[in-house]
Amino acid sequence: MAEIRAGARIKASTFNALAPVTGRLASDIGRTSTTTVAATGLSVPVVASALYAVTGYVPFSAPTAGDLKLALVGPTGATGHWGVMAMATNTTGVTGDVTCSRVVGFTTAQTLSVGGVDSEELHATLMGTIQTSTTAGTLALYHAQGTSNGTAATVKSGAWLRLVRIDT
Amino acid sequence: VAFAANSTPRGRDLRESLPQFGVCLQDYTIQSSIDVEPIPGLSVILEPHCSYAFSCYLAYLANTAADLRIQIDSPDLAAGSWAVQALTYLDTNKITGEFVSWLQEGPNPAGSQFLASGSASPLWERITGTCSTGGYGGTLQLSAAQRVSTAAATTVAAYSWLEVTKIEEL
């Protein structure tokens, strides 16, 4: 990874490699399907062969019966894991059981569902680590309903992802 | 650190404006032990007379009978507090369940321990804290063990990380 040495000129490429990279969702995106689809705009570029710490904030609304399903999708060959901290899918109110579940991998096959509550605004916190392979690309948030329902599962504007390179 | 307009930032200032990370690069397994062991990589060097903010993504897999015990140690004379958000080991559901938001504070939080739930599925916990060092620099180190000594393994997963950001020099 880029390193800052005393007395050395700091190149833009060095700073870019060290500074956090973020993505933010500009407008609400609702889903009425259980198939996860990219939340357009909520993605962050990643370079090849790099290790990143991932954090994220996902404000959302979803019906009690529908819930929200999330996935983090990275470039081909990426490894690592991520977890979500939010209300559990069995909850029916804004207080109750939570989930601290974690999955290994960054494809649409690895999803985590969190609880929605009718007419309530909730949020999920994401943390994780992604190791990219020789393929660069993006790390993107995908979402869908956990269970098919007539009311959309909506990720709200302002949701963000933040990546920091932590190669040692 | 604040950079004055038109000034040339020093490398040291730029470096200190960025967070430091400690990363666990291999799974670390603990069996039949409630004695905490330092997790290789989950440590960051602190300077004396500085205040830091830290956070940790601790990914783990623990047997439901064993659960997880963690401890954070700081340099001598350091003060601060740390908090954990995780599933409580007191809940029997062990995948989703009761949440615990726990805070340890005092003149020297080193040595205090937090207990979290194990599960058949991978879990994680979030740790947040602050540490102000005194006359000694040293290491902020995360250690782990089982809550209950059990032959089945408790594993801190590779790629867990500890992030430390300097807030100010004291």
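Values in this document were obtained by computation on a predicted structure and should not be read as measured data. (Residues numbered from 1 in each chain as written. Chains lettered and ligands numbered in written order. Predicted model: local features only at pLDDT ≥ 70, side-chain atom pairs only at ≥ 80, totals over all residues. Heavy atoms only, no water.)

Chemist: Describe the interface of chain B and chain A, with residues and values.
Modeler: Listed per partner, the contact involves 34 residues of chain B and 33 residues of chain A. Taken over both partners, the interface formed by chain B and chain A buries close to 2,700 Å², and the fraction arising from carbon and sulfur atoms is 69%. There are one salt bridge connecting chain B and chain A. A salt bridge links Glu-163 of chain B to Arg-162 of chain A; the shortest N-O distance between them is 3.4 Å. There are twelve residue pairs in polar contact (both at pLDDT 80 or more) connecting chain B and chain A. Elements that contribute at least two residues to the side of chain B that touches chain A include exactly α1 (11-17), β1 (20-23), β4 (50-62), β6 (79-87), β7 (96-97), β10 (123-132) and β13 (161-169) of chain B. Counting residues per element, the side of chain B that touches chain A draws most heavily on β4 of chain B, which supplies five residues. (Contact = heavy atoms within 4.5 Å. Buried area = accessible area lost by both parts, 1.4 Å probe. Salt bridge = Lys/Arg side-chain N within 4 Å of Asp/Glu carboxyl O. Polar contact = N/O pair within 3.5 Å; in protein donor to acceptor, adjacent residues only side chain to side chain. Helix = DSSP H or I, 4+ residues; strand = E, 2+ residues; numbered from the N terminus.)

Chemist: Break down the confidence of the model for chain B for me, citing the residues and quoting the values.
Modeler: Residue and element names in this part refer to chain B. Per-residue pLDDT for chain B has a mean of 87; in total, 87% of the residues score no lower than 70. Predicted confidence in chain B is weakest over strand β8 (residues 99-106), with a mean pLDDT of 62, and strongest over strand β2 (residues 28-30), with 97. Across the whole predicted complex the pTM is 0.91, and at the interface the ipTM reaches 0.90. (pLDDT = per-residue confidence, 0-100.)

Chemist: Give me the environment of Gly-83 of chain A: which residues, what numbers.
Modeler: Along the polypeptide, Gly-83 of chain A turns up in strand β6 (residues 79-87). Considered as a pair, Gly-83 of chain A and Arg-162 of chain A are 79 residues apart in the sequence and their alpha carbons are 14 Å apart. Each residue touching Gly-83 of chain A, except ones within four places of it in the same chain, is listed here: Ser-101, Arg-102, Leu-112, Thr-125, Leu-126 and Met-127 of chain A together with Tyr-57 and Trp-124 of chain B.

Chemist: Can you tell me about the packing of aromatic side chains, naming the residues and giving the values?
Modeler: Residue and element names in this part refer to chain B. Across all of its chains, the model carries four aromatic pairs over all chains by this definition. Each ring, one from Phe-21 and one from Trp-161, has its centre 5.6 Å from the other, and the planes form 70°; the classification is edge-to-face. With a gap of 140 residues between them, Phe-21 in strand β1 and Trp-161 in strand β13 connect regions that are remote in the sequence. The same class applies to Phe-21 as to Trp-161, namely buried. Ring centres of Tyr-57 and Trp-161 lie 6.0 Å apart, and the angle between their planes is 40°; on these two criteria the pair is classed as tilted. With Tyr-57 in strand β4 and Trp-161 in strand β13, this residue pair connects regions lying 104 residues apart in the sequence. Overall, the relative accessible area of 0% leaves Trp-161 in the buried class. Joined through ring pairs, the aromatic side chains of Phe-21, Tyr-57, Trp-124 and Trp-161 make up one cluster. (Phe/Tyr/Trp six-rings, centres within 6.5 Å; stacked < 30°, edge-to-face > 60°. Buried < 20%, exposed > 50% of the residue type's maximum accessible area, 1.4 Å probe, protein only.)

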